[in-house]
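Spelled out from the first residue to the last, the chains are:
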Amino acid sequence: MGLPDTSPVPKKDPMGMDYIAVYEGEEPEAGNSQIKISVDKVQKLGVRSEPVALRALDKTISAAGRIEVDERRVYTIAPKFEGWVERLYVNVTGEPVSRGQPLFEVYSPELVSAQREYAIATQAVKALKDADASSQASMKRLADSSLMRLRNWDISDEQVQALAQTGEALRTLTFRSPVSGIVMEKKAMQGMRFMPGKRSIRSRISRRCG
């Protein structure tokens with residue numbers, strides 16, 4: 001704590017602290033800042049030494065844990081209209097699915113009615129191409145409204161285009177997987193009735209990493 005000082009016998013400094021004992025042969029050389037420890041102290045501390053070698057250091061740790069799904073990779077598929085499950089293509093929880101793969105097929109009178117309404121409206125738009133602007137605009141608004149209704153129900157663009165070209169309403173609608181992943185939850189049963197957004201028809205898919 002103070003100025004360097006030595007003593008041939010053990011003693012305390014002015015603050016009451018013991019001087020550090022230095023034994024014969026352990027005196028530090030001038031300019032050498034190494035610290036030496038006696039053999040007795042090395043044995044008491046359990047210090048071991050060995051030659052330096054290059055090797056991998058690893059350690060196995062066993063611990064309890066819980067695995068949870070990343071919520072950012074979970075997708076829910078649920079109809080937005082009333083109907084019945086006509087057919088299940090994927091009916092086992094844990095089954096892997098690919099993007100675009102059919103999951104289930106449903107029938108809905110509302111869906112059939114909406115398709116017919118859109119088909120009639122598009123045909124009327126074509127039939128009124130020589131009519132006055134007011135009539136054309138009115139029918140065009142009806143066709144756009146019917147189209148928006150179908151798209152809000154997740155009708156694919158391919159089905160809408162086929163409906164516009166043929167004018168034939170499809171009896172059923174096939175729901176497909178939006179991503180590749182694993183089916184985590186399946187509430188649907190073939191032949192069951194469902195309501196918009198109910199968990200009875202809902203399927204959850206966890207997207208694969210990578």
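Residues numbered from 1 in each chain as written. Predicted model: local features only at pLDDT ≥ 70, side-chain atom pairs only at ≥ 80, totals over all residues. Heavy atoms only, no water.

Visitor: What should I look at first to understand unusual backbone geometry in this one?
Guide: When glycine is set aside, most residues are seen to have a negative phi, and most peptide bonds are trans. Within the chain, Asp154 stands out as a residue other than glycine whose phi angle is a positive 70°. With respect to the helices and strands, Asp154 occurs in the loop between α3 (133–152) and α4 (157–166). (Helix = DSSP H or I, 4+ residues; strand = E, 2+ residues; numbered from the N terminus.)

Visitor: I tried to follow a nonpolar patch on the surface on my own but got confused; where do I start?
Guide: A cluster of nonpolar side chains, namely Ile37, Leu45 and Val47, defines an oily patch on the protein surface of about 310 Å² accessible area. With respect to the secondary-structure elements, Leu45 resides in helix α1 (residues 39–45). The exposure class assigned to Leu45 is exposed, which follows from its relative accessible area of 62%. (Patch = residues over 30% accessible without salt bridge, like charges linked within 9 Å, V, L, I, M, F, W, Y side chains within 5 Å. Areas by Shrake-Rupley, 256 points an atom, 1.4 Å probe, with all protein chains shown as cover. Salt bridge = Lys/Arg side-chain N within 4 Å of Asp/Glu carboxyl O. Buried < 20%, exposed > 50% of the residue type's maximum accessible area, 1.4 Å probe, protein only.)

Visitor: Quick question: what am I supposed to make of the packing of helix α2 (residues 109–127) against α3 here?
Guide: When two helices pack together, their arrangement is given by the angle between the helix axes and the distance between those axes. Packing of α2 against α3 brings their axes to within 8 Å, and their N-to-C directions diverge by 150°. As far as their axial angle goes, α3 and α2 are roughly antiparallel. The way α2 lies across α3 gives a crossing that is left-handed. The segment α2 lies against α3, with Leu111, Ala114, Gln115, Glu117, Tyr118, Ala121, Thr122, Ala124 and Val125 engaging Met139, Lys140, Leu142, Ala143, Ser146, Leu147, Arg149 and Leu150. Partitioned by chemical class, the residues of the contact of α2 with α3 number eleven nonpolar, three polar and three charged. (Axes fitted to C-alpha atoms, helices over the stretch in contact; angles between N-to-C directions. Parallel < 35°, antiparallel > 145°, perpendicular 65-115°, else oblique. Left-handed = near helix turned anticlockwise from the far one by under 90°. Contact = heavy atoms within 4.5 Å. Nonpolar A, V, L, I, M, F, W, Y, C, P; charged D, E, K, R; others polar.)

Visitor: Help me understand α3, please; the structure alone is not making it clear to me.
Guide: Because an α-helix completes one turn every 3.6 residues, residues spaced three or four positions apart along the sequence face the same direction. In this model, α3 (20 residues) spans 28 Å end to end at C-alpha, consistent with the 28 Å of a helix rising 1.5 Å per residue. Ala143, Ser146, Leu147 and Leu150 are the residues of α3 that are buried. The buried residues of α3 occupy one face: seen down the axis, they fall within an arc of 100°. For α3, the exposed residues set more than 90 degrees away from the buried face come down to Ala133, Ser134 and Arg141. Capping the start of α3 is the job of one residue whose side-chain oxygen sits 3.2 Å from the backbone nitrogen of Ser134: Asp132. Backbone geometry just downstream of α3 places Asp154 in the positive-phi region, at approximately 70°. (Expected span 1.5 Å × (residues − 1). Arc of directions from axis to C-beta. Polar contact = N/O pair within 3.5 Å; in protein donor to acceptor, adjacent residues only side chain to side chain.)

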